[in-house]
Amino acid sequence: MLKYVVRRIILSIPVLLGVSILAFAIISAAPGDFLDAYRMNPTISINQLRLLERQFGFDQNVFVQYLKWLGNVLTGNFGYSFSYRIPVFDLVFARLGATLLLSITTLIFSWGIGIPLGIYSALHQYSLSDQAFAFLAFIGISIPNFFFALLWLFMAAKTGWFPIGGLISQNFNELSIIGKMGDYLWHVVGPMVTLGTAGLAGLMRQMRGQLLDQLRQDYVLFARAKGMPEKNVIYKHAVRNAINPIVTMFGYALSGLLGGAVLTETVFGWPGMGRLVIEALNAQDMFLIMATLLLSAVLLVIGNLLADLLLAWVDPRIRYRLS
Amino acid sequence: MKKKDIVDNNTLQSTEISKEDLFEVKYMSRWQLVWRALRKHKLGMLSLWILAIMYLIAIFADFLSPSNPYEMSHGLSYAPPSKIHWTDDNGKLTSPYIYAWISERDPDTYRTTYTEGVSFESIAALDRNSGEPVVFREGEDSVKAIYLTTKSVDFAVDAEGNRAYLGSAEYRTSQVLKLTELDILERTIVNENSSKNVLDALSPTRYRELRNIGTPVKVVTERSIHRVFAQKEEEVREVVIEAIGIVNEIIDSGEGDFEVAKELLKELEISPAIIDVIVEPEISEYATQKYPIKFFHSSWSYKLLGIIPLDFHLVGTDQPSKLLLFGSDAYGRDVFSRILHGARISMSIGLLAIMITFSLGLSIGGAAGYFGGITDEILMRTTEILMSIPSLYLLISLRAVLPTNLPSHITYLLIVVILSFIGWPGMSRVIRGMVLGLKETEFVQAAVVMGYPSARVILRHIIPNTATYIIVSATLSIPGYILGEAGLSFLGLGIAEPSPSWGLMLSQAQSIKAMTEAPWLLIPGIFIFIVVMGFNLLGDALRDALDPRSLGY
């Protein structure tokens, strides 16, 4: 098992290298750079500009720039954010927390509700509740998450039940530890629901379809025929088999979450990576863009690895093949 | 599983095909069968209708729009949807009409509120001053417009009914009255206020007259029509209002009558024939200026289908009113017309992007799967790299590479290209997988053995077998492109102002203030939702219809 994990990590290195090259190519191709604002500024002299250019390596060949950047990254130095004037690593690390908080709660929300609802729908096929859930799922899949987020904010502004954006309340520092956690949760509900609904609806339909497929299999008929309690037939056999394809969706779901978070974070003013990426692009903050793109790729690689390990955990056949 | 469900399944499997169906299955072509299966799918047909309507809207957006989507109106920022009236002044049913919005700005909060403003086509009144009945009617007797001066007086009243006037009377001259206060034409409107706040605010140092009466018990505001004017010559509104002000001042101060005022106007180099007046009007009849909703109304010109120059539209109202079915945005542009025009972008971008994605996906996936080896390796590693950046991150990064100050149609094409660039890796991986499977089938092997060139084998033998997957997958991935464009535009990285795009329109609703005061700005989101839902439902229906089991084989 450990060997498998190590092999996967080694295999992901060329992919990450490719991502960094792609990201660097995109940024180098972009017209202008961060110093453009300084060049327009008449109070900054040519000498100062030259100094800055040398400092940030803009006077060198693109390949040299890339290799220099890569060398720095390998030693843990992700460069310096031009616009925020702090090391990129600190900045991204600070934002990563908010994004992970959002992503993980969203995953719990969509998987924790989607899968049970899918099982319920499959076991009550064609019933009124099944049809109601199917209808809601179609709405959930089709509603654009930023529109949903706007609707949520509209609701929050009208009723005052939820905060209108942000990560913490103004009086956050005065709260007790439990109060602080509650405050986080209270703020995360909006982004979580709007970001997670599409995933939840998709999961539910997928789970329903898979479970219905499994319930038609012969082994289920056999288990019933030999008198196994219905509970065991469903939860020990059918559901266990139906969940495998769903687990492989985990990595894919993470990609959707990180991407979708760009819009949700923008609407809710959530200080996460998605917003950071947009701010960095607007400011042409080169090292910051590189770091966020690379980090998002790393997160995806980790997510896929986790999905595979999860699959090995739920499916003994795969566990057997790996070891 | 419950017993009922088992029975259900059994009946499903053993459904007998009727004779008619058997005939159809035997003699209908595959696509006829697919169409037959699709027609039975209620939601699928519904979505097909919805999408067809949306495409028609996109094509005929110019004709269907009541007003020009690019036309800004300064006085109509965030104006609510027009109220459509169905009954005339006497309460009888008529053809629908609207009144124009007038805006009022609260001097304390700077909030703009809109009320329906009414101007007058004609006013007939008895002039108590001269004892003569006078009729002003627009267009008759060279009357250009009718102005009203309203008078409002505040006074405090004590327990015995003694009055103390609070300041001097206020006069206001305007062409329009609020629809809600039309009563003023018939009688003096009296507002009584006896709330504690108002009474406490009365200070004898400010209003000397208060010393002459007892403790005030209420404050009364009386509003009435003071004077009616007719504008008789073409002139700027401001000048007319000024002239009216002068006339009012002369008459009210008792310095002279209308003739004296005319002399003064002449001295001020304003044509004295510009206005006529009813000094003390007692209004007997009036007709309000209504803006009927006209069908095939002629206004701004456009080219239907890009060829036929036309200038009439399905519905519309005359200037200066603006028919706002879904309200207006920050610049006073008609949201409804912008939504119709935005349909062009959203409805076409998905189709274009999917075509490019599929050409890329099919050729790259096909090549990788068919040739295998090093080609496969390189292409698949490339897709892996592209797929390991979250798609929206990649989307906005790529957009940022490209210059932003481009003409709107170039931006549109760029977005299509970027969206396809994001889409092809996933598509080609699936196609590759299918090709790998098909390559081993006997009919492909036979074609290879017969010495057909690779291109022919791929195009004629392999690709047609992926058609089912392609059709379903294309329909189901169109929403992704529509959402991609909307998301980009929402972030300000896509279609730029002033072009109408649903995502861009939604970005105006981002601030809480705009959202709560002008919730109609959220309507474009409903349209995105409907279109996305339509494609999702259609894709599902197509998947069912293309499933061989549903065709009756």
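A brief look at the structure comes next. These figures come from a predicted structure and were not determined experimentally. (Residues numbered from 1 in each chain as written. Chains lettered and ligands numbered in written order. Predicted model: local features only at pLDDT ≥ 70, side-chain atom pairs only at ≥ 80, totals over all residues. Heavy atoms only, no water.)

Describing the overall build of chain B
Heads up, the rule is: Numbering of helices and strands runs from the N terminus; a helix is a DSSP stretch of H or I covering at least four residues, while a strand is a stretch of E covering at least two. Throughout, the radius of gyration refers to the C-alpha atoms, and the reference size of a globule is 2.2 Å times the residue count to the power 0.38. Accessibility here uses a 1.4 Å probe with only protein chains present; expressed as a share of the type maximum, an area under 20% marks a residue as buried, one over 50% as exposed, and anything in between as partly exposed.
Per the secondary structure count, chain B includes 18 helices and 17 strands. Its C-alpha radius of gyration of 35 Å places chain B more than 25% over the 24 Å reference for a compact globule of 553 residues. Counting only C-alpha atoms and orienting by the principal axes, one finds that chain B spans roughly 115 × 60 × 55 Å. For chain B, the proportion of its 553 residues judged to be buried stands at 45%.

Thoughts on the nonpolar core
Counted only if it meets this: Here the nonpolar core consists of buried residues drawn from Ala, Val, Leu, Ile, Met, Phe, Trp, Tyr and Cys, with membership extended through side-chain atoms lying within 4.5 Å. Here, residues are in contact when the closest pair of their heavy atoms is within 4.5 Å.
Formed by 178 residues in total, the largest nonpolar core has its most connected members in A:Trp69, A:Leu211, B:Ile396 and B:Trp502. The residues touching A:Leu211, leaving out its near neighbours within four places in the chain, are A:Ile119, A:Ala122, A:Leu123, A:Ala238, A:Val239 and A:Ala242.

As for the packing of helix 10 (residues 230–268) of chain A against helix 12 (residues 286–314) of chain A
A packed helix pair is summarised by two numbers, namely the angle formed by the two axes and the spacing between the axes. Residues and elements named next belong to chain A. Rules: Orientation is described by lines fitted to C-alpha atoms, with helices fitted over the stretch in contact, and by angles between N-to-C directions that extend from 0 to 180 degrees. What sets the label is the angle itself: under 35 degrees gives roughly parallel, over 145 gives roughly antiparallel, 65 to 115 gives roughly perpendicular, and the rest give oblique. Under the convention adopted here, Pro, Cys and the residues Ala, Val, Leu, Ile, Met, Phe, Trp and Tyr are nonpolar, Asp, Glu, Lys and Arg are charged, and Gly plus all remaining residues are polar.
Relative to each other, helix 10 and helix 12 sit at 170 degrees, their axes nearing to 9 Å. The orientation of helix 10 relative to helix 12 falls into the category roughly antiparallel. Of the residues in helix 12, those in contact with Arg 240, Asn 244, Val 247, Thr 248, Phe 250, Gly 251, Tyr 252, Leu 254, Ser 255 and Leu 258 of helix 10 are Ser 296, Leu 299, Leu 300, Gly 303, Asn 304, Leu 306, Ala 307, Leu 310, Leu 311 and Val 314. Taken together, the residues that form the contact of helix 10 with helix 12 break down as twelve nonpolar, seven polar and one charged.

Quick word on empty space enclosed by the protein
To be explicit about the condition: In this analysis a 1.4 Å probe is tested at points of a 1 Å grid over the protein atoms alone, and where it fits but cannot get out there is a cavity; an open set with protein on both sides within 12 Å along at least five of seven lines is a pocket; lining residues have an atom within 4 Å of a point. Grid points are joined across faces, edges and corners, and a volume is the space filled by probe spheres set on the points.
Enumeration according to the criterion identifies three cavities of 30 Å³ or more in this entry. In this structure, the largest cavity occupies an estimated 60 Å³ of space. Lining the largest cavity, in full, are B:Asp329, B:Arg333, B:Val335, B:Arg338, B:Glu497, B:Leu504, B:Met505, B:Gln508, B:Leu521 and B:Pro524. For the lining of the largest cavity, the secondary-structure elements that each account for two or more residues are helix 9 (335–371) and helix 16 (502–507) of chain B. Residues of the lining of the largest cavity, tallied by class, amount to five nonpolar, one polar and four charged. Considered as a void within the structure, the second largest cavity measures approximately 40 Å³ in volume. If you trace the second largest cavity, you find it lined by A:Trp152, A:Phe162, A:Pro163, A:Gly165, A:Gly166, A:Trp186, A:His187, A:Gly190, A:Pro191 and A:Phe268. No other element matches helix 8 (residues 177–215) of chain A, which puts four residues into the lining of the second largest cavity. Grouping the constituent residues of the lining of the second largest cavity by class yields six nonpolar, four polar and no charged.

Comments concerning the layout of surface pockets
Residues and elements named next belong to chain B. Estimates place the volume of the second largest pocket at around 640 Å³. As for the second largest pocket, its lining consists of 26 residues, and the residues nearest its centre are Ala 100, Trp 101, Tyr 291, Pro 320 and Ser 321. The dominant element in the lining of the second largest pocket, judged by the number of residues it contributes, is strand 3 (residues 100–105), at four residues. Grouping the amino acids of the lining of the second largest pocket by side-chain chemistry returns twelve nonpolar, nine polar and five charged.

A look at the sheet that holds strand 15 (residues 291–292) of chain B
Residues and elements named next belong to chain B. Defined as follows: We treat two strands as partners when DSSP finds at least two bridges between them.
What the three strands build is an open sheet, ordered 1-2-15; its pairing is antiparallel. Taken across any chain shown, the strands that pair with only one partner, and hence form the sheet edges, are strand 1 (85–87) and strand 15. In terms of strand pairing, strand 1 meets strand 2 (residues 93–98) through two bridges, oriented antiparallel. By the bridge assignment, Thr 87 is partnered in strand 2 with Leu 93.

Considerations on the pairing of strand 4 (residues 112–118) of chain B
Residues and elements named next belong to chain B. Note that strand 3 and strand 4 share six bridges and pair antiparallel. The residue of strand 4 that forms the bridge with Glu 104 is Thr 113. Between strand 3 and strand 4, which pair antiparallel and follow one another directly, the connecting turn spans six residues, one of which, Tyr 110, has a positive phi of 60 degrees. Taken together, the two bridges between strand 4 and strand 10 (residues 177–178) define a ladder with antiparallel strand orientation.

Brief notes about a negative patch on the surface
Selection criterion: Patches in this entry comprise residues that are over 30% relatively accessible and not in a salt bridge; like charges within 9 Å are linked, as are nonpolar side chains (Val, Leu, Ile, Met, Phe, Trp, Tyr) within 5 Å. Computed by Shrake-Rupley with a 1.4 Å probe, the accessible areas treat only the displayed protein chains as cover when residues are assessed. Just to be clear on terms, a salt bridge is a Lys or Arg side-chain nitrogen sitting within 4 Å of an Asp or Glu carboxyl oxygen. The charge count includes Lys and Arg as positive and Asp and Glu as negative, but it does not include His or the ends of the chains. Each charge is placed at NZ for Lys, CZ for Arg, CG for Asp and CD for Glu.
A cluster of like negative charges, contributed by B:Asp257, B:Glu259, B:Glu263 and B:Glu267, occupies part of the molecular surface. Assignment of secondary structure puts B:Glu263 in helix 8 (residues 258–267).

Overview of the sheet that holds strand 5 (residues 120–127) of chain B
Residue and element names in this part refer to chain B. Read from one edge to the other, the open sheet built from three strands follows the order 6-5-14, with strand pairing classed as antiparallel. Bordering the open sheet on either side are strand 6 (132–137) and strand 14 (281–288), each of which pairs with just one other strand. Between one strand axis and the next, the sheet turns by 10 degrees as a mean value, whatever way the strands run. Of the strand pairs in this sheet, strand 5 and strand 6 are connected by six bridges, and their pairing is antiparallel.

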